[in-house]
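Examining the three-dimensional arrangement
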Amino acid sequence: MDFSENLNELITNEIASLAVTKFSIALSGGVDSMVLLDLLSKAKGSNDEVRAIHINHNLHESSEEWVDFVKETCEKYKLPLIIESINPKQEGFGLEADARDQRYKKFKEIILDNECLLTAHHLDDQTETILYRIFRGTGLDGLRSIRKKAKFGKGLLCRPLINVPREAIEQYAKLNNIKWIEDPSNKNIDFDRNYLRNNIIPSIKKRWPKAQRTIPRLSSLAENNQKLLHELAKEDIGPIERFNVLDLGILSNKSALRINNIFRFMILKNNMGIPSLKVLENGIETLIN
């Protein structure tokens with residue numbers, strides 16, 4: 001397979017389909033984002049504006065060296081670079097979750113009107129995310145896959161490599177002599193995602209080679225079922241002006257399952273994280289009683 005030709009065509013088509021002319025790329029310096037940067041530099045049109053954003057997490061002693069590497073890379077590609085710094089904390093849902101939340105908050109602050117943020121998530125990330133959510137005890141909504149496109153801040157978020165396996169990305173990097181940063185913390189299996197990435201997923205691929213293609217099918221089914229549950233919740237709630245107020249009379253004569261669905265729907269409408277099933281059910285029981 002000619003990964004260079006296939007990926008170049010893929011990114012060219014993806015960029016054209018977005019119907020915008022301003023792009024930012026989330027550039028960590030890892031192989032995924034470096035390949036996306038190279039592909040984007042070849043696919044962009046003459047009127048397209050492209051810039052890079054690097055978020056320094058300050059979690060590794062070499063983080064400043066990585067900043068320098070990204071600077072040199074952007075000078076090579078003649079791209080403007082924005083560098084932001086965050087300091088994730090080991091609290092709440094953990095260091096990984098806090099780093100992600102802070103990173104995306106920074107991205108939202110930077111993205112301009114009608115600008116598209118491109119990230120280098122790929123098919124392996126899709127598999128990893130779904131398994132991670134399953135092992136943490138997710139609900140149906142958590143089985144939904146990483147979305148390829150979504151509204152984001154003042155603009156858009158797009159993951160053009162989301163259906164591309166990591167092997168293809170690494171092969172492209174080698175064929176095109178692309179340099180990247182190897183973050184040694186990616187091998188630290190104390191982090192749940194790293195444990196999945198390094199220990200679990202390789203075994204799954206070996207045993208079930210087609211798993212990466214079949215697991216996302218579960219996500220598609222979950223997405224469809226979630227839409228049906230949202231439609232049911234809207235019918236049960238009826239017309240309301242605000243989604244942060246609920247008349248408890250609506251819950252009368254409803255089954256426990258439908259009440260649970262109503263609260264999950266209201267929580268999502270308020271852009272809040274869904275609590276565990278036990279916490280949610282205990283909370284509903286306390287409220288009703």
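No experiment lies behind these values; they were computed from the predicted model shown. (Residues numbered from 1 in each chain as written. Predicted model: local features only at pLDDT ≥ 70, side-chain atom pairs only at ≥ 80, totals over all residues. Heavy atoms only, no water.)

**Points about unusual backbone geometry**
Generally, phi is negative for residues other than glycine and the peptide bonds are trans, each holding for most cases. Of note, the phi angle at asparagine 58 is positive, near 55°, even though the residue is not glycine. Within the secondary structure, asparagine 58 is located in the loop between strand 2 (49-56) and helix 3 (63-77). Look at asparagine 58 and you get partly exposed, because its relative accessible area is 32%. Even without being glycine, asparagine 271 reaches a positive phi, approximately 55°. Locating asparagine 271 in the fold gives a position in the loop between helix 9 (256-269) and helix 10 (277-288). (Helix = DSSP H or I, 4+ residues; strand = E, 2+ residues; numbered from the N terminus. Buried < 20%, exposed > 50% of the residue type's maximum accessible area, 1.4 Å probe, protein only.)

**Focus: the packing of helix 8 (residues 211-237) against helix 9**
Running from N to C, helix 8 and helix 9 point in directions that differ by 100°, and their axes come no closer than 9 Å. Judged by the inter-axis angle, helix 8 sits roughly perpendicular to helix 9. Contacts from Leu229, His230, Leu232, Ala233, Lys234, Asp236 and Ile237 in helix 8 reach Arg258, Asn261, Ile262, Phe265, Met266 and Leu268 in helix 9. Class assignment for the residues of the contact of helix 8 with helix 9 results in 8 nonpolar, 2 polar and 3 charged. (Axes fitted to C-alpha atoms, helices over the stretch in contact; angles between N-to-C directions. Parallel < 35°, antiparallel > 145°, perpendicular 65-115°, else oblique. Contact = heavy atoms within 4.5 Å. Nonpolar A, V, L, I, M, F, W, Y, C, P; charged D, E, K, R; others polar.)

**Some details on the layout of surface pockets**
Left-over empty space is what a probe sized like a water molecule reveals as it rolls over the atoms. Roughly 330 Å³ of volume is contained in the second largest pocket. Contributing to the lining of the second largest pocket are 17 residues, with Ala256, Leu257, Arg258, Asn260 and Asn261 lying nearest its centre. Mapped onto the lining of the second largest pocket, the elements with two or more residues apiece are helix 8, helix 9 and helix 10. Per-element tally for the lining of the second largest pocket: the top contributor is helix 9, with 7 residues. Taken together, the residues of the lining of the second largest pocket sort by class into 9 nonpolar, 4 polar and 4 charged. (1 Å grid on protein atoms, 1.4 Å probe; cavity = no way out; pocket = protein on both sides within 12 Å on 5 of 7 lines; lining within 4 Å. Points joined across faces, edges and corners; volume = space filled by probe spheres on them.)

**So, the pairing of strand 2**
Where burial is concerned, most of strand 2 is hidden: 7 out of the 8 residues are buried. Where strand 1 (residues 22-26) and strand 2 come together, 5 bridges link them in parallel fashion. Residue pairing across strands places isoleucine 25 opposite alanine 52, the latter belonging to strand 2. Where strand 2 and strand 3 (residues 81-85) come together, 5 bridges link them in parallel fashion. Bridging from a neighbouring strand, asparagine 56 pairs with serine 85 of strand 3. A crossover links strand 2 with its parallel partner strand 3, the connecting element being helix 3, and its sense is right-handed. (Pairing = 2+ DSSP bridges. Right-handed = clockwise from strand over helix to strand, strands pointing away.)

**Remarks on the nonpolar core**
One finds Ile15, Leu18, Phe23, Val35, Leu118 and Leu161 to be the most contacted residues of the largest nonpolar core, which totals 36 residues. Elements with a contribution of two residues or more to this core: helix 1 (3-17), strand 1, helix 2 (31-43), strand 2, helix 3, strand 4 (115-118) and helix 6 (166-175). Not counting residues up to four positions away in its chain, the partners in contact with phenylalanine 23 are Ile15, Leu18, Asp48, Glu49, Val50, Arg51, Glu115, Cys116 and Leu118. Residues Ala233, Ile259, Ile267 and Leu280 belong to the second largest nonpolar core, which totals 12 residues. (Core = buried A, V, L, I, M, F, W, Y, C linked by side-chain atoms within 4.5 Å.)

**A word on a negative patch on the surface**
Side chains of Glu61, Glu64, Glu65, Asp68, Glu72 and Glu75 sit close together on the surface and give a patch of like negative charge. Following the sequence through the fold, glutamate 72 ends up in helix 3. Residue classification places glutamate 72 among the exposed residues on the basis of a relative accessible area of 54%. (Patch = residues over 30% accessible without salt bridge, like charges linked within 9 Å, V, L, I, M, F, W, Y side chains within 5 Å. Areas by Shrake-Rupley, 256 points an atom, 1.4 Å probe, with all protein chains shown as cover. Salt bridge = Lys/Arg side-chain N within 4 Å of Asp/Glu carboxyl O. Lys, Arg positive; Asp, Glu negative; His and termini not counted. Charge placed at Lys NZ, Arg CZ, Asp CG, Glu CD.)

**Things to note about the pattern of salt bridges**
Pairing between side chains of opposite charge can happen when the charged atoms of each approach one another. Counted under the stated rule, the structure contains 12 salt bridges. One salt bridge in this structure joins glutamate 128 and arginine 197, with 2.9 Å as the shortest N-O distance. Placement of the pair is glutamate 128 in helix 5 (residues 123-136) and arginine 197 in helix 7 (residues 192-207), with a sequence separation of 69 residues. Looking at glutamate 128, the relative accessible area reads 4%, which means it is buried. A salt bridge links glutamate 223 to arginine 147, with the shortest nitrogen-to-oxygen separation between them at 3.4 Å.

**Here we look at the environment of leucine 140**
Take leucine 140: it is sitting in the loop between helix 5 and strand 5 (149-152). Sequence-wise, leucine 140 and leucine 246 are 106 residues apart; in three dimensions their C-alpha atoms are separated by 23 Å. Residues in contact with leucine 140, not counting those within four places in the same chain, are Ala222, Asn225, Gln226, Leu229 and Arg264.

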